Amino acid sequence: MHARALMLAAVVLVGCGKATPQGQVAAASDTSAGRGGAPALTVAQQRLLEAAEIALPPGMAVESLPEPNSPGAKILAQYCTQCHALPSPAMHGPVDWPSVVRRMWVRIDMLAGSLGVQIPETAQRSQLLTYLQAHALQVAANLPAGPGKEAFETTCSRCHALADPKVHSPPDWPVVVMRMEKNMEKMKVSGVTHDRAVEIIGYLQKASARPHAR
Ligand code: HEC
Ligand code: HEC
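Every residue gets a number counted from 1 within its own chain, in the order that chain's sequence is written. Going through the entries in the order they are written, you letter the chains from A and number the ligands from 1. pLDDT decides what is reported in this predicted model: residues at 70 or higher carry local features, side-chain atom pairs at 80 or more are listed and counted, and totals for whole chains, interfaces and linings draw on all residues regardless. Think of the side-chain values as coming from all heavy atoms in the structure, minus any hydrogens and water.

Draft legend 1. Broad picture of the coordination of the iron atom of ligand 2. For the iron atom of ligand 2, every protein donor is listed as His 160 (NE2) and Met 180 (SD), and the spread of their distances is 2.1 to 2.4 Å. Water is absent from the atoms considered, so a metal site may look incomplete; donors are defined as N, O and S atoms within 2.8 Å of the metal, or 3.2 Å for Na, K and Ca. A four-donor site is called tetrahedral if each angle lies between 85 and 135 degrees; a four-donor site is square planar, and a six-donor site octahedral, when trans pairs exceed 155 degrees and the remaining angles lie between 65 and 115; all other cases are labelled irregular. What the six donor atoms of the iron atom of ligand 2 show is an angle range of 87 to 178 degrees at the metal, which sorts the shape as octahedral. Linking His 160 in the loop between helix H8 (149-155) and helix H9 (173-186) with Met 180 in helix H9, this pair joins segments that are 20 residues apart in sequence. Secondary structure elements are taken from DSSP: a helix is a run of H or I of four residues or more, a strand is a run of E of two residues or more, and numbering for both begins at the N terminus.

Next up, the structure:
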């Protein structure tokens, strides 16, 4: 990518789509970054920009959120779509949400000034966390042994904690795994071979059918 295209990407990525005419990109980044000169990006900066587009939330419709009219859902839709698509509460387990959200608050607080990012109040922050944790991914406590366990563990722990096989019945798992393959594509995370997907589905179906997995 050319330096100018990268700069534009930076402005769009960080500034959430405030379209800037190409000729003004350098000037806009001068004022927003508060630095002089319109430098060509260093290799490290280019890598950072490319990397920032990987593993972003794939996005979902507001109406599909659990309890879409609750205050928590509204806070999520208002504040968490300013830089990327709407994140699903099911994307992380209850234990992991606080650290993910903390990373986002840091960015939101830092970018509030020049880029006009909206900042939620303290009460809204805890409301949001409560909402995310209430509708979080149900994480596996302990996983039964069996063929495909290793494939499940390495493939399915790359974006979030390992899901509890019991959350879906055996006939439902193929559809869920297919959706995860789409997530991998949308989030630019490497996919799985057909054989590996079959292995994982086989493991999940067996584990979910067990009477006492936990
Ligand atoms: C100021 C811009 C900005 C806002 C606002 C923002 N994010 Fe992010 N978000 C990012 C960036 C940049 C990344 C990619 C780097 C990373 O993962 O930290 C990201 C990545 C993510 C990811 C995927 C990475 C992971 O750890 O799973 C999730 C989930 C996420 N954000 C959730 C949220 C939530 C929830 C909110 C609202 C509280 C939010 N974001 C608001 C900038 C933002
Ligand atoms: C590329 C990142 C990524 C990988 C890898 C991934 N997931 Fe997910 N997963 C997501 C996202 C994003 C969500 C929330 C949106 C959704 O449900 O599609 C999610 C949500 C879930 C949920 C909760 C939603 C539901 O339908 O129950 C389960 C269960 C799940 N993943 C299982 C898996 C399994 C099994 C694998 C391995 C085949 C896997 N994930 C691999 C991104 C990923």
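Draft legend 2. Seen up close, the site of ligand 1. Around ligand 1, the surrounding shell holds 20 residues, and the nearest of these are Cys 80, Cys 83, His 84, His 92 and Met 104. Two N or O atoms count as a polar contact when they lie within 3.5 Å, although within protein this holds only if one can serve as hydrogen donor and the other as acceptor, and sequence-adjacent residues are included solely when both atoms are side-chain atoms. Taking His 92, its side chain carries an N or O atom lying 2.6 Å from an oxygen atom of ligand 1. Between ligand 1 and Arg 103, the relevant distance is 2.8 Å, taken from an oxygen atom to a side-chain nitrogen or oxygen of the residue. Those elements that provide at least two residues to the shell around ligand 1 are helix H4 (71-79) and helix H5 (97-110). No other element matches the six residues that H5 contributes to the shell around ligand 1. Residue composition of the shell around ligand 1, by class: 15 nonpolar, three polar and two charged. Nearness here has a simple test: a residue counts as near a molecule or strand if at least one of its heavy atoms is within 4 Å of that partner. Following the grouping adopted for this structure description, the nonpolar residues are Ala, Val, Leu, Ile, Met, Phe, Trp, Tyr, Cys and Pro, the charged ones are Asp, Glu, Lys and Arg, and the polar ones are all others, Gly among them.

Draft legend 3. Molecular detail of the nonpolar core. Core analysis: the biggest nonpolar cluster contains 21 residues, and Leu 65, Leu 76, Trp 97, Leu 128, Tyr 131 and Leu 132 have the highest contact counts within it. Beyond its immediate chain neighbours, meaning those up to four positions away, Trp 97 contacts Ser 88, Pro 89, Met 91, His 92, Leu 129, Leu 132, Gln 133 and Ala 136. Counting residues in each nonpolar core, the second largest holds 15 residues, with Leu 137, Phe 152, Val 177 and Ile 200 among its members. Here, nonpolar core means buried Ala, Val, Leu, Ile, Met, Phe, Trp, Tyr and Cys residues that are tied together by side-chain atoms lying within 4.5 Å of each other. Exposure categories follow from relative accessible area, calculated using a 1.4 Å probe and restricted to protein chains: below 20% of the type maximum is buried, above 50% is exposed, and the middle band is partly exposed. Residues count as neighbours in contact if any of their non-hydrogen atoms are within 4.5 Å of one another.

Any link to function would need more than the numbers given here.
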